[in-house]
Amino acid sequence: MVPLAVAVERALPGLRRRGYSVVDGAFGEEFCRRCLGELRGAQRRGLLSPNATHFVRRSGTVDVLRKHGISEVSSADPETWRQCRFQAIQDFADMSDSSDLLSALQGLAGRPGLAFTTVKAQANDGTGGCYPLHCDSEPGVDGKLLTGILYLNEDWAPSHGGQLVLHPFPSKPTSVEPIFGRLVLFFSTQMLHRVLPAWRPRFCLNLWMYSSAPQTVRAGAPFIGSRTCEADVVEEQAMTVLLHPKFRRHWAKLALANEWEESLRDAHPATPHLDKAITQHRTEVQKIGSSLGQFLGEIGLTHPDVPCAKDLPYFLAEKYLPLAERVHHHRQEGGVSSEWGDDSHG
């Protein structure tokens, strides 16, 4: 069985329970060193291009914000990929086409086959480059199912930064050190994550696995009772609704609004495009907060003591996040699936 399939099999319990999994040592040191040497060689030959964040505005226009110090080459650009003359990295990309991997993925209940995969070889020059909070895709956009990151950083220390911070909302965030030979897997459309500034050159291979089935957002949500229910019962039922994959990503953006904005500033230089992106972020947070407030009001959970309208998102996040965490962990302890990734398929 190819190493990637072995890693996926080992990752399945964590993917089901938390939405992510960390697997160390699946590829062997020699293979990882070959990948690192090839990536450094492509970087020296100037074959990597600057990485950028693409913000789609409500008008449909796209603002491109380049990140400082991060460059990459993608298998989706076959001409440049061929010029890199990768061998070990190409072997890593080819592993995603194996029947072993397809068999391993069947361990995720309801998962369809893979349509295709893409790989990016990425270099961070160690001068503070980082990523803002984001999910790698959204349901119904491009078919992304799973994200994998293989780290190629020898002798990495916490002081070097560059940690991957995963937000398996509403659980507490977890920080993953980008150490040599470590593979991280998570659901592309559900796992919010960011990368902290790196203060030493940092290398990795990014893998995206795309579904062979059309993506749709599941309709419907659990029934939440009525105003006649006891208040604590209604609140728990409301949290169950908000933890459904259809809503969780929006609820998370509300709860993490301040960190989200901070991460945008950390990852991009100050430009008019960044100002527009932050304005759009604040507008989205206000709309999510307004919708959530309306939802809670409709089931009898109103709070007239909110200081002012602009503070509503943060008030709701502070009040209900601890309850959401309790409901989430209670469901897990009771063997109820968190439905990680289940918004990807109808």
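Residues numbered from 1 in each chain as written. Predicted model: local features only at pLDDT ≥ 70, side-chain atom pairs only at ≥ 80, totals over all residues. Heavy atoms only, no water.

Participant: Can you break down the pairing of strand β7 (residues 164–167) residue by residue, with the values?
Facilitator: What you see with β7 is no split at all: Leu164 and Leu166 on one side and Val165 and His167 on the other are buried throughout. In the sheet, β7 pairs with strand β8 (residues 174–176) via three bridges, with the strands oriented antiparallel. The partner of Leu166 across the bridge, within β8, is Thr174. The turn joining β7 and β8, which pair antiparallel and follow one another in sequence, is formed by six residues. The pairing of β7 with strand β10 (residues 192–195) spans four bridges and is antiparallel. Bridging from a neighbouring strand, Val165 pairs with Arg194 of β10. (Buried < 20%, exposed > 50% of the residue type's maximum accessible area, 1.4 Å probe, protein only. Helix = DSSP H or I, 4+ residues; strand = E, 2+ residues; numbered from the N terminus. Pairing = 2+ DSSP bridges.)

Participant: Explain the environment of Lys287 to me, using residue names and the numbers behind them.
Facilitator: When you line up the elements, Lys287 lands in helix α9 (residues 272–298). Sequence separation between Lys287 and Leu254 is 33 residues; the distance between their C-alpha atoms is 9.4 Å.

Participant: I'd like to hear about the side chain of Arg202, residue by residue, with values.
Facilitator: Take Arg202: it is sitting in strand β11 (residues 202–211). One buried charged side chain, Arg202, makes no salt bridge at all; its nearest oppositely charged neighbour is Glu177, positioned 8.3 Å away. Within the structure, the side chain of Arg202 is placed 2.9 Å from the backbone oxygen of Gly162, a separation counted as a polar contact. Beyond its immediate chain neighbours, meaning those up to four positions away, Arg202 contacts Gln122, Ala123, Asn124, Tyr151, Asn153, Trp156, Gly162, Pro178 and Val195. (Lys, Arg positive; Asp, Glu negative; His and termini not counted. Salt bridge = Lys/Arg side-chain N within 4 Å of Asp/Glu carboxyl O. Polar contact = N/O pair within 3.5 Å; in protein donor to acceptor, adjacent residues only side chain to side chain. Contact = heavy atoms within 4.5 Å.)

Participant: So what's going on with the confidence of the model for the protein chain? Which residues, and what values?
Facilitator: Averaged over every residue, the pLDDT of the protein chain is 80; residues scoring 70 or more account for 71%. Ignoring residues within four places in sequence, the model shows residues 216–231, a span with pLDDT below 50, making 34 contacts including any to other chains. (pLDDT = per-residue confidence, 0-100.)

Participant: Would you mind going over the nonpolar core in detail, with residue names and values included?
Facilitator: Residues Val8, Phe27, Leu152 and Met209 are the most contacted members of the largest nonpolar core, which totals 46 residues. Broken down by element, this core gets its largest block of residues, seven residues, from helix α1 (residues 3–18). Setting aside chain neighbours within four positions, we find Leu152 in contact with Cys32, Cys35, Leu36, Leu39, Phe180, Phe203, Cys204 and Leu205. Counting residues in each nonpolar core, the second largest holds 19 residues, with Cys135, Phe169, Trp260 and Leu274 among its members. (Core = buried A, V, L, I, M, F, W, Y, C linked by side-chain atoms within 4.5 Å.)

Participant: Explain the side chain of Asp136 to me, and be specific about the residues and the numbers.
Facilitator: Looking at where Asp136 falls in the secondary structure, it is placed in the loop between β5 (131–134) and β6 (144–151). Buried charge without a salt bridge: Asp136, with Lys144 as the nearest opposite-charge side chain at an N-O distance of 6.6 Å. Here the side chain of Asp136 touches His193 through a polar contact of 3.2 Å, side chain to side chain. Ignoring anything within four residues of it in the chain, the contact list for Asp136 reads Lys144, Thr147, Phe186, Ser188, His193 and Trp208.

Participant: Run through the sheet that holds β7, naming residues and quoting values.
Facilitator: Pairing is antiparallel across the open sheet formed by four strands, whose spatial order is β5-β10-β7-β8. On the outer flanks of this sheet lie β5 and β8, each paired with one strand and no other. Taking each pair of neighbouring strands and ignoring which way they run, the sheet shows an average axis angle of 15 degrees. Sheet strands in contact with helix α8 (residues 257–267) are β5, β7 and β10, and its direction is about 150 degrees off that of β5. (Axes fitted to C-alpha atoms, helices over the stretch in contact; angles between N-to-C directions.)

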